[in-house]
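One letter stands for each residue in the lines below.
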Amino acid sequence: MAFLQISEPGQAAAPHQQRLAAGIDLGTTNSLVAVVRNGTADTLPDEQGRHLLPSVVRYTEEAVIVGEEAKSAAVDDPLSTVASVKRLIGRGLNDIARLGARLPYEFAQEDTAVPRIRTRRGDVSPVEVSAEILGVLATRAESVLGGDLSGVVITVPAYFDEAQRQATKDAARLAGLEVLRLLNEPTAAALAYGLDKDVDGIHAVYDLGGGTFDISILHLRRGVFEVLATGGDSALGGDDLDRVVARWIMEQAGIEDDASHAVQRRLLGAACAAKEALSTADRVPLHLLDLPNGAQWEGALDRATFDRLIDPLISKTVAACRRCLRDAALKPAEVKDVVMVGGSTRVPRVRERVGELFGTVPLVDIDPDRVVAIGAALQADVLVGNKGADEMLLLDVIPLSLGLETMGGLVEKIVPRNTTIPVARAQEFTTFKDGQTAMALHVLQGERELVSDCRSLARFELRGIPPMVAGAARILVSFEVDADGLLSVTALEKSSGVKAQVEVKPSYGLTDAEIERMLRDSMANAGEDIEARRLREQQVEARRTGEALRAALAADGDALLDASERRRVEDALAHLELTAGGEDPDAIKLATQELEKTCGFYVERRMNRGIRAAMAGQKVEEFE
Amino acid sequence: MLDFSQNYFALFGLPMRYRVNGSLLADRYRALQGTLHPDRFAAAGDREKRLSLQASAHVNHAYQTLRDPLERALYLVSLHLDGSADEKQATRDMGFLMEQMELREALSGVKDQPDPHVAVGEVLDRLSGQADALVQGLEDLLDEPSAQDLEAARELVRKLQFVSKCRVEAENLEAELDDLS
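Residues numbered from 1 in each chain as written. Chains lettered and ligands numbered in written order. Predicted model: local features only at pLDDT ≥ 70, side-chain atom pairs only at ≥ 80, totals over all residues. Heavy atoms only, no water.

A. Layout of the pattern of salt bridges. Residues and elements named next belong to chain A. Taken as a whole, this structure holds 51 salt bridges over all chains when the rule is applied. Taking the shortest distance from any N to any O, the salt bridge between Arg87 and Asp240 comes out at 3.3 Å. Highlighted residues: Arg87 in the loop between β7 (81–83) and α2 (93–98) and Asp240 in helix α6 (residues 238–253), separated in sequence by 153 residues. One exposure class covers both Arg87 and Asp240, and it is buried. (Salt bridge = Lys/Arg side-chain N within 4 Å of Asp/Glu carboxyl O. Helix = DSSP H or I, 4+ residues; strand = E, 2+ residues; numbered from the N terminus. Buried < 20%, exposed > 50% of the residue type's maximum accessible area, 1.4 Å probe, protein only.)

Below is the structure:
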């Protein structure tokens, strides 16, 4: 329960009640974890003092290795070392083929939609690989904070679609983490910059990471971050810059297209190093040894050539910025400043062209690699209730339109892109044949008119419609997108009340059963006692609920409850506390649920009171 | 709990008329979301999360409706007519329709123009001008409207729907041009 969040101002939780929370930036190239300590958010280093954890996982017969060590093994062991897995997460094999890039892995030729990478330790899905990275970062945070995390905020590119978001959440579940919120990366960056301190202003966040590009335009004022529009490309980033440079080297050095995985890795490494060097140098020498047939090559890349190579890619981002401005109904000059996020914004040509578009010098004050994790930590701290409620509010949007397939292979949009979340929208459909008793619904995401050009999210059927003449049935299809940007769809035949519901689980995502099995396997591997863990989880939840309720009762129990109501609430609370001392996780869970049910009316009264207080604060101003 | 039955104007404590004080609306929207948004209930039980999600989504929809000139007009007219204002009918104003056709022709010929961006920009400017005039008309009619005013307003709404649709097409075209350049 969130009773604590509406406590009176100045009544922050006592220090020992502070809940531990972390913000995680799960990046294509590098990942980071940040926490708030003593009111300041900062990223956490590992024991060697390194903040960035390379998002690379190596699978050997003996162990799973994550980070720097895995990265340095990538050239020698390319097939069992997975890098840039973010490009694969939430995607089907077909999507991956369409990415164009030749990936240096072998995929299991299984008959599943979820791609599985063949490693020496067996086949792994991108969700499992991501879970390994999340696990390492969570452990790092827990050892620094000295306790279990009660939740994490994980950042995702604003332009991530439904499937990619769901897969990211699945990865967290697999790592045993409670996700407080999936937060869009540009929004996290805006948070870290504290741009809202401004009285009123429009700001843009340009985020070019290792594998994804986002542009978001926000209206910020006094603690409220309102995203007006967002756009981008979830398959465009620094990796692509490396690739055009690697291609250029291949042309220069006369290397054939079918070079081995190891050679490709080495070329990409050389390209990446050259790109980074060119952020400060005007010209970098290139030496490549161990090319096919024992050849070697020497050359150089200058800034002008590099700029020419990457310009077409930057142009794609500039076009996305223009579209985003149009969606927000703004001219470039109306944007006060542009925040640069992501390692790829270190490239001078990127800064130059973004500056040209917006007519301003881009902001680069905070380390572009760390800014997202810092924003996530700030949000996590607010969400677990360590900070007063009135300090900050994020209003984000969905990046892509959601719709349903209609006759003729066309898409009917139900929720347009850039709609503020959470959102609930409904639309009525009808049958087109006499006596039709079932209706197939196909949920899609994307901007195009044809079903074949959009991404298919889910299919489900509404059955048991009473037979009627064509056009008589009234089928209400409701779309609901929550604050994580995740969709659920329900269909209801209104005259009979027949209902079908689907939590949109994209067809190439993992099923709940699969996640459950993986979770059990991983705990068994780690020698963890599954039952002990369940008990601990339920006890933590029960304690949290109890503490929150006590704080609420202290704040307004007298004002909102009469004596007998208060007794009922306190009895349920006492019962929970008694049960939580026991050893039966199911009984504790039940008692927690009972308490929530008993307190339902109290929760509603508190919400009411909050609404009245919010509006009363407003009405001091005269009506027009 | 949030009263889902009250109309959107009442929800934001605003008078029920077309002319809306935008900054007041925005302030009240933020105040309500500040209390109801799911971020305020991230650590809450399922029941509270559910309530917050529904209330917050409702407030979002109300805000988007009142903020948009066309949506606001459709909503207000339907409130006055007890929900029976389904604007499927088209306008019969021949002068207006001719003008719209002309604009659409201008749009379809944009790509052959020496500077297509400028050509689209001109169409968009004209559409904005038309929309502004229609909104002005609606503001005058929908203060305390008589039955006659409502009929007149419905005609303006139908025209505004035309203009909006044409604007969407022009913007799509502009996006297409951006992608090519």
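B. Seen up close, the interface of chain B and chain A. Each partner contributes to the interface: chain B provides 50 residues, whereas chain A provides 48 residues. Scanning the region where chain B abuts chain A turns up 6 salt bridges. Of the charged contacts in the structure, one is a salt bridge between Glu226(A) and Arg67(B), with a shortest N-O distance of 3.8 Å. At the boundary of chain B and chain A, one finds 14 residue pairs in polar contact (both at pLDDT 80 or more). Elements with a minimum of two residues in the side of chain B that touches chain A: α2 (22–36), α3 (46–67) and α7 (147–180) of chain B. When residues in the side of chain B that touches chain A are grouped by element, the largest group, 14 residues, is from α3(B). Split by residue class, the side of chain B that touches chain A holds 21 nonpolar, 13 polar and 16 charged. (Contact = heavy atoms within 4.5 Å. Polar contact = N/O pair within 3.5 Å; in protein donor to acceptor, adjacent residues only side chain to side chain. Nonpolar A, V, L, I, M, F, W, Y, C, P; charged D, E, K, R; others polar.)

C. Highlighting the packing of helix α5 (residues 185–193) of chain A against helix α10 (residues 371–383) of chain A. All names here are of chain A. One can describe the packing of α5 onto α10 by two numbers: an axis separation of 7 Å at closest approach and a directional angle of 80°. Compared by their axis directions, α5 and α10 come out roughly perpendicular. For the pair formed by α5 and α10, the contact residues are Glu185, Ala188, Ala189, Leu191, Ala192 and Tyr193 on the first element and Val371, Val372, Ile374, Gly375, Ala376, Leu378 and Gln379 on the second. Broken down by class, the residue content of the contact of α5 with α10 amounts to 10 nonpolar, 2 polar and 1 charged. (Axes fitted to C-alpha atoms, helices over the stretch in contact; angles between N-to-C directions. Parallel < 35°, antiparallel > 145°, perpendicular 65-115°, else oblique.)

D. Region of the structure containing the sheet that holds strand β5 (residues 56–59) of chain A. All names here are of chain A. Taken in spatial order, the 3 strands line up as β6-β5-β7 in an open sheet, and their pairing is antiparallel. Both outer strands of the open sheet, β6 (64–66) and β7, are each paired with one neighbouring strand and no more. Geometrically, the sheet is characterised by an average inter-axis angle of 15° between neighbouring strands, direction not taken into account. Strand direction decides the pairing type here: β5 and β6, joined by 3 bridges, are antiparallel. Bridge pairing links Tyr59 to Val64 in β6. (Pairing = 2+ DSSP bridges.)

E. Quick look at the environment of Leu32(A). Residues and elements named next belong to chain A. Counting through the fold element by element, Leu32 comes out in strand β2 (residues 30–37). For the pair Leu32 and Leu182, spaced 150 residues apart in sequence, the C-alpha separation works out to 15 Å. With residues near it in sequence (within four places) discarded, Leu32 still touches Gly23, Ile24, Asp25, Thr43, His51, Leu52, Leu137, Asp369, Arg370 and Ala373.

F. Highlighting the nonpolar core. Residues Phe12(B), Leu32(B), Leu36(B), Val59(B), Leu138(B) and Leu142(B) are the most contacted members of the largest nonpolar core, which totals 58 residues. In this structure, this core is formed jointly by two domains, domain 1 (8–67) and domain 2 (94–180) of chain B, each of which donates at least three residues. Excluding its chain neighbours within four sequence positions, the residues that come into contact with Val59(B) are Leu2(B), Leu11(B), Phe12(B), Tyr29(B), Leu32(B), Gln33(B) and Leu36(B). Counting 49 residues, the second largest nonpolar core, distinct from the first, contains Leu208(A), Val263(A), Val338(A) and Met340(A). (Core = buried A, V, L, I, M, F, W, Y, C linked by side-chain atoms within 4.5 Å. Domains from an automatic or database assignment.)

G. Summary view of helix α4 (residues 69–80) of chain B. Residues and elements named next belong to chain B. With 12 residues, α4 should cover 16 Å at 1.5 Å per step; its first-to-last C-alpha distance of 17 Å lies within 8% of that length. The set of residues buried in α4 consists of Leu70, Arg72, Ala73, Tyr75, Leu76, Val77 and Ser78. Measuring from the backbone nitrogen of Leu70 back to the side-chain oxygen at the start of α4 gives 3.2 Å, which picks out Asp68 as the cap. (Expected span 1.5 Å × (residues − 1).)

H. Representation of the domain arrangement of chain B. Residue and element names in this part refer to chain B. Here the domain parsing of chain B yields domain 1 (8–67) and domain 2 (94–180). Listed per partner, the contact involves 4 residues of domain 1 and 6 residues of domain 2. In total, about 520 Å² of surface goes out of reach between domain 1 and domain 2, with carbon and sulfur atoms giving 50% of it. On the domain 1 side of the contact with domain 2, Arg17, Tyr18 and Arg19 bury the most area, a combined 97% of that side's loss. In this structure, the connection of domain 1 to domain 2 is made through 2 residue pairs in polar contact (both at pLDDT 80 or more). Taken together, the residues of the side of domain 1 that touches domain 2 break down into 2 nonpolar, no polar and 2 charged. (Buried area = accessible area lost by both parts, 1.4 Å probe.)

I. View of the sheet that holds strand β20 (residues 410–415) of chain A. Residues and elements named next belong to chain A. Taken together, 4 strands build an open sheet; the order of strands is β20-β19-β22-β23 and the sheet is antiparallel. The outermost strands of the open sheet, each flanked by one partner alone, are β20 and β23 (455–463). Strand after strand, the sheet turns through a mean of 30° between neighbouring axes, direction not considered. Two strands pair when backbone bridges link them, and strand β19 (residues 402–406) and β20 are joined in this way by 5 bridges, in the antiparallel orientation. If you follow Leu402 over to β20, its bridge partner there is Val415.

J. Molecular detail of the packing of aromatic side chains. Applying the stated criterion across every chain, the model contains 6 aromatic pairs over all chains. Each ring, one from Tyr8(B) and one from Tyr75(B), has its centre 4.4 Å from the other, and the planes form 15°; the classification is stacked. Of the two residues, Tyr8(B) is situated in helix α1 (residues 8–11) and Tyr75(B) in helix α4; the sequence distance between them amounts to 67 residues. Here the two residues Tyr8(B) and Tyr75(B) agree in accessibility, since each one is buried. Through a chain of ring-to-ring contacts, the aromatic side chains of Tyr8(B), Phe9(B) and Tyr75(B) assemble into a single cluster. Seen from the ring of Phe160(A), Lys86(A) lies directly overhead, with NZ or CZ sitting 6.0 Å from the centre. Above the ring of Tyr18(B), the side-chain terminus of Arg72(B) is found at 4.3 Å from the ring centroid. (Phe/Tyr/Trp six-rings, centres within 6.5 Å; stacked < 30°, edge-to-face > 60°. Lys NZ or Arg CZ within 6 Å of the ring centre and 35° of its normal.)

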